[in-house]
Amino acid sequence: MTERSKPAPHGWLLLDKPRGLGSTQAVGMVKRVLRQGGYKKTKVGHGGTLDPLAEGVLPIALGEATKLAGRMLDASKIYAFTIKFGEETDTLDTEGEVIERSNHLPTREQVEAVLPQFTGAIEQAPPAYSAIKIDGKRAYDRARAGEQVEMKLRATTIHSLEIESADEGSVTLVAHVSKGTYIRSLARDIARALGSLGHVTYLRRIKAGPFLENQAISLDKCEEIAKGAAIENLLLPLEAGLDDIPVLHLEPDSAQAVRQGRVLSELPQTDGLHLAKLGNTPVAVMELEGGTAKVVRGFNLPDVAE
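If you're wondering where the values come from, they're calculated on a predicted model, not measured in any experiment.

Draft legend 1. Just the overall build of the protein, in detail. Scanning the protein from N- to C-terminus turns up seven helices and 17 strands. Oriented by its inertia axes, the alpha-carbon framework of the protein measures out at about 70 × 50 × 40 Å. Within the protein, the proportion of its 306 residues that are buried is 49%. Restricting to contacts in the protein with at least 6 residues of sequence separation, those with at least 24 account for 70%. With the model as given, the accessible surface of the protein reaches about 15,400 Å², and the carbon-plus-sulfur share is 47%. The average position of the 37 basic charges and that of the 41 acidic charges among the side chains of the protein differ by 7 Å.

Below, the structure written as structure tokens:
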């Protein structure tokens, strides 16, 4: 096999994204290191945007795993974040200008007392400086142009919200949240509920779907791929993004049928999503109902040995 004929990889590169790097930039960097490392052209996507000022777990999907990137966007996430009290900025983080100040700095006990209000199903207004489109134009573009941006309330769920540490004038919280939750909005609303003002000074994603921060690799580690390091040592398998659904083991004949998009019948497994596999090879995500399984998402992967 020549240097330029390495097969395109399939799976997840879990990046520990540093501050200052955008999610799209991270995808571009991964494409570059694959190209420089001699891999065939590979489809690359990410499983959930992280703001440039945020850091932490950024799942990068490669090859057939990109078919699961949308599912990763829907997954819950866990963040650690620090609220600095006394100042609200227009961006709700350290990038923006201070627009209002408050002399009231809540105590740890006061913060603890208000957190139940922000646990469970809540509604929040996303930040004006966000990528949400309003009449076809990004909210942050409108805000930067000086427009008054009216953000509609959105439903979200805060599964848990706990204090990690507290200092005078700031608090660090850990939040387990559903898709679509804006941590900057959560920080703003907590500060206002305490009769103060606040903005986010630190934001780190510590879990994205099934992926944990202790699995994430640094950019330096990722750069080693460009210098010839084997990607297999850094790559998580495609099915790592599907650890919450049961496996449906197929025989060769049924695997062939699934690859042709055909329905499987008279199956004993319970209703719901299943990962259909032939040996160690993921074949498809299938929806099983009443003993009948239909393909939701098929994978075009080479068979691997047991």
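Draft legend 2. Spatial organisation of the pattern of salt bridges. In this structure the tally under the stated criterion is 13 salt bridges. Of the charged contacts, one joins Glu87 and Lys84 as a salt bridge, the two residues approaching to 3.8 Å between their closest N and O atoms. Judged by its relative accessible area of 19%, Glu87 is buried. Between Arg192 and Glu88 there is a salt bridge, with its nearest N and O atoms 2.7 Å apart. Remark: Glu88 occurs in strand S5 (residues 87-89) and Arg192 occurs in helix H5 (residues 183-193); sequence separation between them is 104 residues. You can call Arg192 partly exposed: its relative accessible area is 45%. For Glu88, a relative accessible area of 4% gives the class buried. Within this structure, Asp16, Glu55, Arg204 and Glu213 form a network of salt bridges that share partners.

Draft legend 3. Representation of the sheet that holds strand S16 (residues 281-289). With mixed pairing, four strands are arranged side by side in an open sheet as S14-S15-S16-S17. Both outer strands of the open sheet, strand S14 (247-249) and strand S17 (292-298), are each paired with one neighbouring strand and no more. Sheet twist, expressed as the average angle between the axes of neighbouring strands with direction ignored, equals 40°. When S16 meets S17, the two strands line up antiparallel, connected through six bridges. Along S17, the bridge assignment pairs Glu287 with Lys294. Against the sheet, helix H7 (residues 252-259) contacts strand S15 (272-278), S16 and S17, and its axis sits at roughly 80° relative to S16.

Draft legend 4. Summary view of helix H1 (residues 23-36). Across its 14 residues, H1 extends 20 Å between first and last C-alpha, which sits within 8% of the 20 Å expected from 1.5 Å per residue. Looking only at H1, the buried set comprises Ser23, Ala26, Val27, Met29, Val30, Val33 and Leu34. Down the axis of H1, the buried side of the element spans an arc of 160°, and every buried residue falls inside it. Along H1, the residues that are exposed and aim more than 90 degrees away from the buried face are Thr24 and Arg35. Here the buried face of H1 lies against strand S1 (11-17), strand S2 (44-46), strand S3 (55-62) and helix H6 (219-223).

Draft legend 5. The packing of aromatic side chains, seen in detail. Summed over the entire model, instances satisfying the criterion amount to one aromatic pair. For the ring pair Trp12 and Phe211, a centre distance of 5.3 Å and an interplane angle of 55° mean the geometry is tilted. Here Trp12, found in strand S1, pairs with Phe211, found in strand S13 (residues 211-212); they are 199 residues apart in sequence, far enough to count as distant.

Draft legend 6. Representation of the environment of Pro116 in the model. By the element assignment, Pro116 lies in the loop between helix H3 (108-114) and strand S7 (120-124). C-alpha separation for the pair Pro116 and Lys17, spaced 99 residues apart in sequence, amounts to 31 Å.

Draft legend 7. Geometry of the pairing of S16. In terms of residue burial, S16 counts as a mostly covered element, since seven of its nine residues are buried. Two strands pair when backbone bridges link them, and S15 and S16 are joined in this way by seven bridges, in the antiparallel orientation. Along S16, the bridge assignment pairs Gly272 with Leu288. Here S15 hands over to S16 after two residues, with Gly279 in that stretch at a positive phi of 60°. In textbook terms, the turn of a hairpin is the stretch between consecutive antiparallel strands, and for S16 and S17 this stretch comprises two residues, one of which, Gly290, has a positive phi near 60°.

Calculation rules
- Residues numbered from 1 in each chain as written.
- Predicted model: local features only at pLDDT ≥ 70, side-chain atom pairs only at ≥ 80, totals over all residues.
- Heavy atoms only, no water.
- Helix = DSSP H or I, 4+ residues; strand = E, 2+ residues; numbered from the N terminus.
- Buried < 20%, exposed > 50% of the residue type's maximum accessible area, 1.4 Å probe, protein only.
- Contact = heavy atoms within 4.5 Å.
- Areas by Shrake-Rupley, 256 points an atom, 1.4 Å probe, with all protein chains shown as cover.
- Lys, Arg positive; Asp, Glu negative; His and termini not counted.
- Charge placed at Lys NZ, Arg CZ, Asp CG, Glu CD.
- Salt bridge = Lys/Arg side-chain N within 4 Å of Asp/Glu carboxyl O.
- Pairing = 2+ DSSP bridges.
- Axes fitted to C-alpha atoms, helices over the stretch in contact; angles between N-to-C directions.
- Expected span 1.5 Å × (residues − 1).
- Arc of directions from axis to C-beta.
- Phe/Tyr/Trp six-rings, centres within 6.5 Å; stacked < 30°, edge-to-face > 60°.

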